[in-house]
Amino acid sequence: GAGVSQSPRYKVAKRGQDVALRCDPISGHVSLFWYQQALGQGPEFLTYFQNEAQLDKSGLPSDRFFAERPEGSVSTLKIQRTQQEDSAVYLCASSLAWGGESYNEQFFGPGTRLTVL
Amino acid sequence: ELKVEQNPLFLSMQEGKNYTIYCNYSTTSDRLYWYRQDPGKSLESLFVLLSNGAVKQEGRLMASLDTKARLSTLHITAAVHDLSATYFCAVDYAGGTSYGKLTFGQGTILTVHP
C-alpha cells in the first residue's frame, strides 16, 4: 500500500510569499504530525491532529504558521509571509491511533524542502 | 521540557570496526526510537524500545535501553559502507495523555570508509 506522501517535494519562495504544503497520510491513520527539520538538525515537532481535531499546536513557531486537516485525512501546513528562517524540510508523519500506554509506529513522508530567498 | 542528546555528533569509522552511539534523555520515558536518514531522504524506523532492559538487533545494529539511566545505545558491529547515514534517537512521553509526539536528538552523522 501507499505510504505517506507529501507535495510539493521542493518549494522555493520569495520572502514574504505564502506557501501551502500538503500531506496525504496512510489511509485509515488517525494521528497526523508535522515536524520541521532545519539543516543539520533533528526534526522538531510542530503540531498534531487526531482525525480533524488539532490537539496540539505548541510547536508552531509563530502565528504565521497554520495547519488544518478538515476531513480528518489530508492535511495542509500553511506558512504566511515566509521568512528566511522558515527554510527547512517539513516532514509529515501518520500513525494508526494512540491511547494511554499503547504504541503505534509513526510513518514519515519524504518531506517538503522549503527554501525562502 | 524533554531534552534528548546524542553523542558523538560525527562518527568516522573504518569498515570492520565496532562503535557505539549514545542517546541520553532528560525526563522519564519508556519508549525510545532509533531512525536512520539518508541524505535527502525521509526517516526510516530502525528500532522501537518499549521497556527497561529492552535489546533489539537487526543485522549489524543493536539497540538497548536503560530507562533508569535514561540512556539508549546503538551499537554498530563490523561496520560496512552501507551503514553510512545519519542516525537519530527520539523519545516520547509515556503517560496517560501521551499521543506519540516525538522529541529527537541532534543526530549522529556516520561515515564508514575503507
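Each chain carries its own residue numbering, running from 1 in the written order of its sequence. Whichever chain is written first is A, and whichever ligand is written first is 1; the rest continue in order. Thresholds applied to this predicted model are a pLDDT of at least 70 for local features of residues and 80 or more for the giving and counting of side-chain atom pairs; totals over whole chains, interfaces and linings are not thresholded and use all residues. Remark: hydrogens and water are excluded; side-chain values derive from all non-hydrogen atoms of the structure.

A. View of the overall build of chain A. Only runs of H or I of at least four residues qualify as helices and only runs of E of at least two qualify as strands under DSSP, and these elements are numbered from the N terminus. Across its full length, chain A carries zero helices and eleven strands. Taken from N to C terminus, the helices and strands of chain A fall in the order β-β-β-β-β-β-β-β-β-β-β. Each radius of gyration is computed over the set of C-alpha atoms, and the globule rule expresses the reference value as 2.2 Å times the number of residues to the power 0.38. Radius of gyration (C-alpha) of chain A: 14 Å, near the 13 Å computed for a compact globule of 117 residues. For the exposure calls, accessible area comes from a 1.4 Å probe over protein chains only, and a residue counts as buried if that area is under 20% of its type's maximum, exposed if over 50%, partly exposed in between. Here chain A, with 117 residues, has 45% of them falling under the buried criterion. Only heavy atoms matter for contacts: two residues are in contact if any of them lie within 4.5 Å across the pair. Long-range contacts, defined as pairs at least 24 residues apart, comprise 54% of the intrachain contacts of chain A with a sequence gap of at least 6. Each accessible area is a Shrake-Rupley estimate made with a 1.4 Å probe; only the visible protein chains count as cover when residues are assessed. Here chain A has roughly 5,700 Å² of accessible surface; of this, 48% comes from carbon and sulfur atoms. Computed over 11 positive and 12 negative side-chain charges, the inter-centroid distance for chain A is 10 Å. Under the counting rule used here, the positive set is Lys and Arg, the negative set is Asp and Glu, and His together with the chain ends is not counted. Taken as the charge location is NZ of Lys, CZ of Arg, CG of Asp or CD of Glu.

B. Expanded view of the nonpolar core. Definition used in this section: a nonpolar core is a set of buried Ala, Val, Leu, Ile, Met, Phe, Trp, Tyr and Cys residues joined via side-chain atoms within 4.5 Å. Counting residues in hydrophobic clusters, the biggest one holds 25 residues, and the most contacted among them are L32, W34, L74, I76, Y87 and L110 of chain B. Non-local contacts of L110 of chain B, meaning those with residues more than four positions away in its chain, are made with L11, M13, I76, L83, S84, A85 and Y87 of chain B. Residues V4, I26, Y90 and L114 of chain A belong to the second largest nonpolar core, which totals 20 residues.

C. View of the pairing of strand β6 (residues 53-56) of chain A. Residue and element names in this part refer to chain A. One bridge is not enough; two strands pair if DSSP finds at least two bridges between them. Across three bridges, the pairing between strand β5 (residues 44-50) and β6 is antiparallel. Bridge assignment links Q50 to a residue of β6, and that residue is A53. Between the antiparallel neighbours β5 and β6 lie two residues, among them N51 with a positive phi of about 55°.

D. Summary view of the interface of chain B and chain A. Each partner contributes to the interface: chain B provides 22 residues, whereas chain A provides 24 residues. Summed over both partners, the interface of chain B with chain A comes to about 1,800 Å²; 53% of that surface belongs to carbon and sulfur atoms. Of all residues in chain B, R31, S42 and Y99 of chain B give up the largest surface area on contact with chain A, accounting jointly for 30% of the area buried on that side. A pair is scored as a salt bridge if a Lys or Arg side-chain nitrogen falls within 4 Å of a carboxyl oxygen belonging to Asp or Glu. At the boundary of chain B and chain A, one finds zero salt bridges. In protein, a polar contact means a hydrogen-donor-capable atom and an acceptor-capable atom, both N or O and within 3.5 Å, with residues adjacent in sequence counting only if both atoms are side-chain atoms; elsewhere, any N or O pair within 3.5 Å suffices. Here chain B and chain A share five residue pairs in polar contact (both at pLDDT 80 or more) between them. Of all elements in the fold, only β4 (31-37), β5 (43-49) and β9 (85-92) of chain B reach the threshold of two or more residues within the side of chain B that touches chain A. Considering every element that reaches the side of chain B that touches chain A, the biggest residue donor is β4 of chain B, with four residues. A 1.4 Å probe defines the accessible area here, and the buried area is the portion of it lost by two parts on being joined, summed over both.

E. Looking closely at unusual backbone geometry. With an omega of -10°, the peptide bond running from S7 of chain A to P8 of chain A counts as cis. With respect to the helices and strands, P8 of chain A occurs in the loop between β1 (5-7) and β2 (10-13). Located in the positive-phi region is R70 of chain B, a residue other than glycine, with phi close to 55°. Turning to its location among the elements, R70 of chain B is positioned in the loop between β7 (61-66) and β8 (71-76).

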